[in-house]
Amino acid sequence: MLTDRSEELFHKYQVPPEDVDVDPNCFANCFGVQTRADLFYTASGYSGQMIPGFPIPDDRVYGGQAEYTGLLTAFEHRASPSSFVAVELGAAWGPWVALAGVVAKRNGVKNISLVAVEASEQKIGALHDHLSRNGLIGAEGIDTRIIHGAAWSEDTTLHFPKEMPITDYGGAASSVEAENDYRGFTYETVPVKAFSLATLSLRGFLELTICTGIFRVPSATSRYRQVIFLMRV
């Protein structure tokens, strides 16, 4: 649920535009996270730019106000000023785990752990690129873990669409092999490993979570994407 602190949080954690050297192939949000424009049908007009303003009601490309507010609220209420852990399940290119890492790094957090779990083999490459581009791989004080697989209720093998377009963020793992996915799209599927939260060593995250948000927000591609944040502070 949104609170009236959204604008306050956005103002606190925004970055002056002059502090961000935007890659010509990327766009940046007001928090300084740079994202490849070719990951979206609608973002080419923002290449080389910082998108002005706060993400209210959204950031014009992929994320809504609720998602940004939930993440920054979790960061605000961390128990220790020196550590922060963020987990993104179904991470795609890793927008939220990247934002968590960038905000934590900029605000002097010494021990940062980032975990991104993604079932699409094609998007694993974009995930590595996105986190690296934003200084979150191989950086001192940042432990980044990228896992190719799906988060599930148990350890098993599921089915996931094969060779989806990089701009399709609606893919979902399924326990049943079917010709059409839940949206009616026809995709060949491939087996993908699925891991329980216990296997992913995330059980402690759930027990210590202070801000867990599950939001369904319209994306720029007119589809819906479910985002799950697990934050341990």
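First, a word on what this report is: a plain description of the structure on this page. (Residues numbered from 1 in each chain as written. Predicted model: local features only at pLDDT ≥ 70, side-chain atom pairs only at ≥ 80, totals over all residues. Heavy atoms only, no water.)

1. Looking at the environment of Pro161
Phase 1 of the analysis: Structurally, the position occupied by Pro161 is in strand 8 (residues 156-161).
Phase 2 of the analysis: Distance in space between the C-alpha atoms of Pro161 and Ser174 is 9.3 Å, their sequence separation being 13 residues.
Phase 3 of the analysis: Not counting chain neighbours up to four residues away, the residues in contact with Pro161 comprise Ala172, Tyr187, Glu188 and Thr189. (Helix = DSSP H or I, 4+ residues; strand = E, 2+ residues; numbered from the N terminus. Contact = heavy atoms within 4.5 Å.)

2. Concerning the pairing of strand 4 (residues 83-89)
Phase 1 of the analysis: Within strand 4, six of the seven residues are buried, leaving the element largely enclosed by the surrounding structure.
Phase 2 of the analysis: As paired strands, strand 4 and strand 5 (residues 111-118) are joined by seven bridges and run parallel to one another. Pairing of Glu88 across the sheet is with Ala116, part of strand 5.
Phase 3 of the analysis: Where the polypeptide runs from strand 4 across helix 3 (residues 95-106) and back to strand 5, its parallel neighbour, the crossover connection is right-handed. (Buried < 20%, exposed > 50% of the residue type's maximum accessible area, 1.4 Å probe, protein only. Pairing = 2+ DSSP bridges. Right-handed = clockwise from strand over helix to strand, strands pointing away.)

3. Observations regarding the sheet that holds strand 7 (residues 150-151)
Strand-to-strand pairing in sheets goes through backbone hydrogen bonds, with the strands running parallel or antiparallel.
Phase 1 of the analysis: In spatial order, the strands read 7-9-8; together these three strands make up an open sheet with mixed pairing. Both outer strands of the open sheet, strand 7 and strand 8, are each paired with one neighbouring strand and no more.
Phase 2 of the analysis: Alignment of strand 8 against strand 9 (residues 189-195), held across six bridges, turns out to be antiparallel. Within the sheet, the bridge partner assigned to Thr157 lies in strand 9 and is Lys193.

4. As for the pattern of salt bridges
Phase 1 of the analysis: Summed over all chains, the structure comprises 10 salt bridges.
Phase 2 of the analysis: With its nearest N and O atoms 3.2 Å apart, the salt bridge here joins Arg5 to Glu76. Separated by 71 residues along the polypeptide, Arg5 in the segment before helix 1 (6-13) and Glu76 in helix 2 (residues 65-76) bring together distant segments of the chain.
Phase 3 of the analysis: Residues participating in the shared-partner salt-bridge network are Asp23, Arg36, Asp38, Asp129 and Arg133. (Salt bridge = Lys/Arg side-chain N within 4 Å of Asp/Glu carboxyl O.)

5. Considering the packing of helix 1 against helix 2
Phase 1 of the analysis: Direction vectors running N to C along helix 1 and helix 2 enclose 70°, while the axes themselves pass 10 Å from each other. The pairing of helix 1 with helix 2 is recorded here as roughly perpendicular in orientation. The two elements helix 1 and helix 2 cross, and the hand of that crossing is left-handed. Touching Ser6, Leu9, Phe10, Lys12 and Tyr13 of helix 1 are Gln65, Tyr68, Thr69, Leu72, Thr73, Phe75 and Glu76, all from helix 2.
Phase 2 of the analysis: Each residue belonging to the contact of helix 1 with helix 2 can be placed in one class, and the counts come to six nonpolar, four polar and two charged. (Axes fitted to C-alpha atoms, helices over the stretch in contact; angles between N-to-C directions. Parallel < 35°, antiparallel > 145°, perpendicular 65-115°, else oblique. Left-handed = near helix turned anticlockwise from the far one by under 90°. Nonpolar A, V, L, I, M, F, W, Y, C, P; charged D, E, K, R; others polar.)

6. Here's the deal with the packing of helix 2 against helix 3
Phase 1 of the analysis: The N-to-C vectors of helix 2 and helix 3 enclose an angle of 40°; their axes lie 11 Å apart at closest approach. Of the possible angle classes, the one that applies to helix 2 and helix 3 is oblique. Relative to helix 3, helix 2 is oriented so that their crossing is right-handed. Counting all contacts with helix 2, which are made through Glu67, Tyr68, Leu71, Leu72 and Phe75, the residues of helix 3 involved are Trp96, Leu99, Ala100, Val103 and Ala104.
Phase 2 of the analysis: Each residue belonging to the contact of helix 2 with helix 3 can be placed in one class, and the counts come to nine nonpolar, no polar and one charged.

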